[in-house]
Amino acid sequence: MQLPADRRAYTAARAQLDPAARLAAIRQFLVDYPKSSSTSRAQNAILDLLLAYFPNHTAEIDAQARLLVKGTSKSNSHINEEETVAQKLAEAGTSGIDLSLAAKLAKQANDDLNEGSFAKEIDASYSDAKLPLPTSAEIHAHFVQEKSEGLSIVAEVALHQGNLNEARKFAEQAFATDPTVDDTNSTRGEIALAEHRDADALDAFERAQLYGGLRPALQQKMLALYRDAHNGSDANLQADQDARYAQLFPPPFKPSPHTPPADGHTVLVELFTGSGCEPCVGADLAMEAMLASYPRTELVTLAFDQHIPLPDPLANPDSLARATQYGIIHTPNFAIDGQTLEAAGGDRGDSEKLYKDMTKTLDADAARPSGVELHLTAALTPEGSVAAQAHVTLAGDDQLQKEIAILPVPPLPATPDAKVATTPAPDAVPAPPAAPSLTLNFALVEDEVRYAGENGIRFHRMVVRALAKPAGQGFALTSGSSATLDAAFQPAEISKQLSAYLDGYEKHNERFENTHFLAKDTAINPAHLKVVAWVENAADHRVLQAAFVSLAPAKSTGEAE
Amino acid sequence: MIPMPRYAAALLLLSATAYAAPKSPAQWHVKTVPAAAKAGTKIAITVSGQIDPGWHLYALEEPEGGPIATVIGLTEGDSADLLSVDESKPIVIDDPLFHLRTGFFRGTADFTLHLRVDPSAKPGLNHLHVLIRFQSCNDQVCLPPHTDTVEVPLNVTR
């Protein structure tokens, strides 16, 4: 793509490897393109470069910092800019740079940030944009987060100035204002560490991590503190954090009692999700509740992670391909028996509604009998391979054709054009369904992967690690007959391939300029291995039957008919 | 991670309905283009996007850590040099999802490309290819960025 000249110039300036040359090039860019929309970004880049590579250029740093916060506005954005610059100065080098200016900016921002003007500005901007006004409670929740962050920056500056009393005072104010802000907890941890209150420091760092944002350097400090507190061992760190997570994030709701259908089939629910996707939190928890309230003979789920909106280390080529097969390009999204639903996401508080909506559709679908019998077995061999076998018996064409024909119609797209295109005329006669073209596929999944991604979800359920056949292909089946099909997975090899995939994705991908996964642990835990198989109609992805089998703790079988 | 205030839904916007198998939420067309342009001269063309109800896309410049800004460009090899791009005035709002002030478009988005026609462009009908790479979101989901192409016929004269 040929970018505009100013963008090309800025990109070229940023591409200079030598920091001094890069600094000079960005300054020249500002001279050459003073009206470019990238000037603000360039000014920030200059400060970042000075702080990172030229910490002794104190006069330049001071001037650049002041340039970024010039003016006397008390707008929310100006306050935010003051906080950002103060935080950059406080966190520069080993113990901060130009701390007197940082302290001045942080305190100024904190003094200026009050709920009345904060709310007034938000109301005005929403009114201008003709958007529904947020409620007072919503604005208050936003304000306390901002206030907590601002107070924690004041505390962080004071910490780096060596003023521990003031640091502690502001950090505790920040925590009292909103205890769920990760930066606030990180700063409390650093202060406690400086005061040799190791237990408090560990507690604060753990809170920061569980809320989703502990910086890698502080993760190392947390690990050292944990070992110190546990006779040099971190063997129980994960278990302890699991317990802490359960304490901080209790289940948002108790699933309503479920009445199993008298007849029916095993439903396959596929979730397309992302560990950096905020609205996926509600969908993930809704699926977790479904797993808790339905037996695997009634419901099997699969989670296909996507790099949406952030890079996701649980994603893999098979999970991306499955989404492509459906034409899914956003998260979260569900497919029930191969039919995508209207997208629905939300936060933890929304998970109950999502659960209820999902199970309503699920229950209606589950009662449908299937002309497909599917028996699945799988075992972990002594060599560490997974050997899976599916025995499938299919009804004849007529029965399968009828069954496909009575499957619910997928929800209509919401666009007016699409409605016109897909809504049949009142007297239209639906076209007879095409003859079924059935395939079977296997998925190797982990029923629990522990990974603290950006959205705060710690446990990821039924994560697909690999498919036996590429998405959209599968083993061909013939109606009116039986077949026995085998699949083998090599978890160790899959783990290596996943690792190579993530390394490669970090080096090059078409979606993100700078890709850094928070973690790249692709080890597959045999204790959590499961195999899922399902039969779908190749023409429209509709799933007629699914089955699940657990490999742990010992050989076991599962079946669904 | 900072919890997302619930009124993020209001910002990110409105419609409770999303798409089962979504097409691109923005449809692009050429709004203005000169009837003819001399080789070597500066011209401006405007492409306009009609954004589906409930969806929005982002402005040309967004703060670091914020949403993915829209990028406008030309296909390499097109017979024009892209000098700069202007945008219609975006809605600017405190975005609680990103904790930043972000700019975005609803309904329509216009982008004006300031170009210099290649001095060696062949007289007659040429075609420029405007590329629009954008991320779009509604109140519940964000789509990954993708690129749409708008072909712009341009009559080049000497």
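Cut-offs used in this document
Residues numbered from 1 in each chain as written. Chains lettered and ligands numbered in written order. Predicted model: local features only at pLDDT ≥ 70, side-chain atom pairs only at ≥ 80, totals over all residues. Heavy atoms only, no water. Helix = DSSP H or I, 4+ residues; strand = E, 2+ residues; numbered from the N terminus. Expected span 1.5 Å × (residues − 1). Buried < 20%, exposed > 50% of the residue type's maximum accessible area, 1.4 Å probe, protein only. Arc of directions from axis to C-beta. Contact = heavy atoms within 4.5 Å. Pairing = 2+ DSSP bridges. Phe/Tyr/Trp six-rings, centres within 6.5 Å; stacked < 30°, edge-to-face > 60°.

**A word on helix α12 (residues 216-229) of chain A**
All names here are of chain A.
Part 1 of the argument: In this model α12 runs 20 Å from its N-terminal to its C-terminal C-alpha over 14 residues, within 8% of the 20 Å that 1.5 Å per residue would give.
Part 2 of the argument: Among all positions in α12, only Leu 218, Met 222, Leu 223, Leu 225 and Tyr 226 are buried. In a view along the axis of α12, the buried residues occupy a sector of 165°, so they form one face of it. Opposite the buried face of α12, at more than 90 degrees from it, the exposed residues are Pro 216, Ala 217, Gln 220 and Asp 228.
Part 3 of the argument: Contacts from the buried residues of α12 go to α10 (182-194), α11 (198-210) and α13 (237-248).

**Thoughts on α10(A)**
All names here are of chain A.
Part 1 of the argument: Taking 1.5 Å per residue, 13 residues should reach 18 Å; α10 reaches 18 Å between its end C-alpha atoms and fits that length.
Part 2 of the argument: Of all 13 residues that make up α10, 10 are buried, and the element is covered over most of its length.
Part 3 of the argument: Among the residues making up α10, those that are buried are Asp 182, Thr 184, Asn 185, Ser 186, Thr 187, Arg 188, Gly 189, Glu 190, Ile 191 and Ala 192.
Part 4 of the argument: Its buried side turned inward, α10 meets α8 (136-160), α9 (164-177), α11 and α12.

**Considerations on the sheet that holds strand β2 (residues 37-38) of chain B**
Residues and elements named next belong to chain B.
Part 1 of the argument: Spatial strand order, β2-β12-β10-β5: 4 strands in an open sheet with mixed pairing. Each edge of the sheet is formed by a strand with only one pairing partner; in this case those strands are β2 and β5 (71-74).
Part 2 of the argument: Sheet topology places β2 next to strand β12 (residues 146-157); 2 bridges connect them, and they run parallel. Residue Lys 38 lies in a different strand from β12, and its bridge partner there is Thr 157.

**Overview of the packing of aromatic side chains**
All names here are of chain A.
Part 1 of the argument: Tallying each qualifying case throughout the model produces 15 aromatic pairs over all chains.
Part 2 of the argument: Judged by centre distance (5.3 Å) and plane angle (50°), the rings of Phe 253 and Tyr 355 are tilted. Linking Phe 253 in the loop between α13 and β1 (267-273) with Tyr 355 in helix α16 (residues 351-366), this pair joins segments that are 102 residues apart in sequence.
Part 3 of the argument: A residue is classified by how much of its surface remains accessible, and Tyr 355, at 2% relative accessible area, is buried.
Part 4 of the argument: Centroid distance Phe 272 to Tyr 326: 5.6 Å. Interplanar angle 80°. Geometry classified as edge-to-face. In this pair, Phe 272 sits in strand β1 while Tyr 326 sits in helix α15 (residues 317-326), placing the two residues 54 residues apart along the sequence.

Don't take any of this as a statement about function, it's just geometry.
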